[in-house]
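Results of the structural survey
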Amino acid sequence: MKTAIIYSSETGFTKKYAFWLQEKLGENAKVFTLKEAKKQNLDPYDSYVYGGWLCAAQINGVKWFKEKMPSWAAAGKKLALWATGGSPMESPDIPKALDVMLTEEEKKIAKVFYCPGGFNYENMKPIYRLMMKMFVKSLSKKKDLREIDKEAVKMMSSSYDIADKKYLDPLVEYLKA
C-alpha cells in the first residue's frame, strides 16, 4: 500500500513523527510538507495521513486535508490524521480534544491520533512563544490547580521533548489493517 504522509511542523516535532512514520511504513511511504503536497498529484497513493501541531483543539493546517477527504474516501482511500502536542499521552484533555477534531461525518471516513511531542521555544515564532508564556503565566496564577495542571505549568515553562516512535504504533496498525 502506497502512503502519502503530509505534515505541517512549527518547531520540528511533527516533522520528526512524519519521518518516523515513513520509517515504520517502509519504502511505499513518501513524506511531503503541506506546501509540497498541494503541488503534487497524489492520486497514485492508497492512503493519506496528515499530521500537524495541536493549537486550540485543532490540527494546524488541516483545512486543505479535510477538503480533500470526501473525494479521497469516495475513491476508496484510507485516511488518517495525527496531532502533535506538548501534553503527555496520559493527559485527560487528549481524548476530549481528539473527539472534536473531526465532525461526525468525517469520523466515518478518517481516524485521528495523538503523538506527544513537546515544546521547543527556540524554534517557535515570536507570537507563539509569547502566547505560550502568557498561557503558562495565567495558568500558574490560578487557585486550586489540579495536579495535572501543576505538572503542565512545570513542563511548559521551558523546552522539552517527550516524542517517541512508540506513539505511532496505533496509527501504523490502523493504516496496515
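Every value quoted in this text rests on a predicted model; they were computed, and no experiment measured them. (Residues numbered from 1 in each chain as written. Predicted model: local features only at pLDDT ≥ 70, side-chain atom pairs only at ≥ 80, totals over all residues. Heavy atoms only, no water.)

The next thing to look at is the nonpolar core. If you look at soluble globular proteins, the nonpolar side chains tend to sit buried side by side. Ranked by size, the top nonpolar core spans 26 residues in total, and within it I6, L42, Y48, I59, W64, F65 and L81 carry the most contacts. At the level of elements, β1 (3–7), α2 (34–37), β3 (47–55), α3 (62–74), β5 (78–85), α4 (93–101) and β6 (110–116) are the ones that each hand at least two residues to this core. Here the element with the most residues in this core is α3; it accounts for 5 residues. Residues within four places of I6 in sequence aside, it is in contact with F32, T33, L34, A37, L42, V49, Y50, G51, W64, F65 and W82. Y17, A29, V31 and V172 belong to the second largest nonpolar core, which has 21 residues in total. (Core = buried A, V, L, I, M, F, W, Y, C linked by side-chain atoms within 4.5 Å. Buried < 20%, exposed > 50% of the residue type's maximum accessible area, 1.4 Å probe, protein only. Helix = DSSP H or I, 4+ residues; strand = E, 2+ residues; numbered from the N terminus. Contact = heavy atoms within 4.5 Å.)

Before going further, it helps to examine unusual backbone geometry. Unusually for a residue other than glycine, D144 sits at a positive phi of about 55°. For D144, the position within the fold is in the loop between α6 (126–140) and α7 (147–156).

Applying the stated criterion to the full structure yields 11 aromatic pairs. Between Y48 and W72, the aromatic rings sit 3.9 Å apart at their centres with planes inclined by 10°, giving stacked as the arrangement. Of this pair, Y48 sits in strand β3 while W72 sits in helix α3, and the two are 24 residues apart along the sequence. We classify W72 as buried; its relative accessible area is 8%. (Phe/Tyr/Trp six-rings, centres within 6.5 Å; stacked < 30°, edge-to-face > 60°.)

Further remarks concern helix α1 (residues 13–25). Here α1 contains 13 residues, and its C-alpha end-to-end distance of 18 Å stays within 8% of the 18 Å for a straight helix at 1.5 Å per residue. The positive-phi residue at the C-terminal boundary of α1 is G26, with phi of around 95°. (Expected span 1.5 Å × (residues − 1).)

Secondary-structure assignment places T84 in strand β5. When its relative accessible area of 4% is taken as the criterion, T84 is described as buried. Only 3.3 Å separates the side chain of T84 from the side chain of T14, close enough to count as a polar contact. Side chain to side chain, T84 and W82 meet in a polar contact 3.1 Å long. Each residue touching T84, except ones within four places of it in the same chain, is listed here: F13, T14, Y17, G52, W53, L54, Y114, C115 and G117. (Polar contact = N/O pair within 3.5 Å; in protein donor to acceptor, adjacent residues only side chain to side chain.)

Positionally, T3 belongs in strand β1. The buried category is assigned to T3, whose relative accessible area is 3%. Here T3 is in contact with L25, N28, A29, K30, Y45, S47 and V49, once residues within four sequence places are set aside.

Another aspect to go through is the pairing of strand β2 (residues 29–33). In the sheet, β1 pairs with β2 via 5 bridges, with the strands oriented parallel. From the neighbouring strand, I5 faces β2, where its bridge partner is V31. In this fold, the crossover linking β1 to β2 by way of α1 has right-handed handedness. (Pairing = 2+ DSSP bridges. Right-handed = clockwise from strand over helix to strand, strands pointing away.)

There is about 1000 Å³ of room inside the largest pocket. In this structure, the largest pocket is lined by 38 residues; those nearest its centre are G86, S87, F119, M132 and M156. For the lining of the largest pocket, the elements supplying multiple residues, two or more each, are α1, β3, β5, α4, β7 (118–119), α6 and α7. Considering each element in turn, the lining of the largest pocket owes the most residues, 6 residues, to α7. Looking at side-chain class alone, the lining of the largest pocket contains 21 nonpolar, 11 polar and 6 charged residues. (1 Å grid on protein atoms, 1.4 Å probe; cavity = no way out; pocket = protein on both sides within 12 Å on 5 of 7 lines; lining within 4 Å. Points joined across faces, edges and corners; volume = space filled by probe spheres on them. Nonpolar A, V, L, I, M, F, W, Y, C, P; charged D, E, K, R; others polar.)

So, on to the pattern of salt bridges. In the structure shown here, the tally under the stated rule is 10 salt bridges. Between K24 and D169 there is a salt bridge; the shortest N-O distance is 2.7 Å. With a gap of 145 residues between them, K24 in helix α1 and D169 in helix α8 (residues 169–176) connect regions that are remote in the sequence. Looking at D169, the relative accessible area reads 31%, which means it is partly exposed. Of the charged contacts in the structure, one is a salt bridge between E105 and K108, with a shortest N-O distance of 2.9 Å. Each member of the pair E105 and K108 is classed as exposed. Overlapping salt bridges, with partners in common, bring together D99, E104 and K107 in one network. (Salt bridge = Lys/Arg side-chain N within 4 Å of Asp/Glu carboxyl O.)

Coordinates in, geometry out; function isn't part of it.
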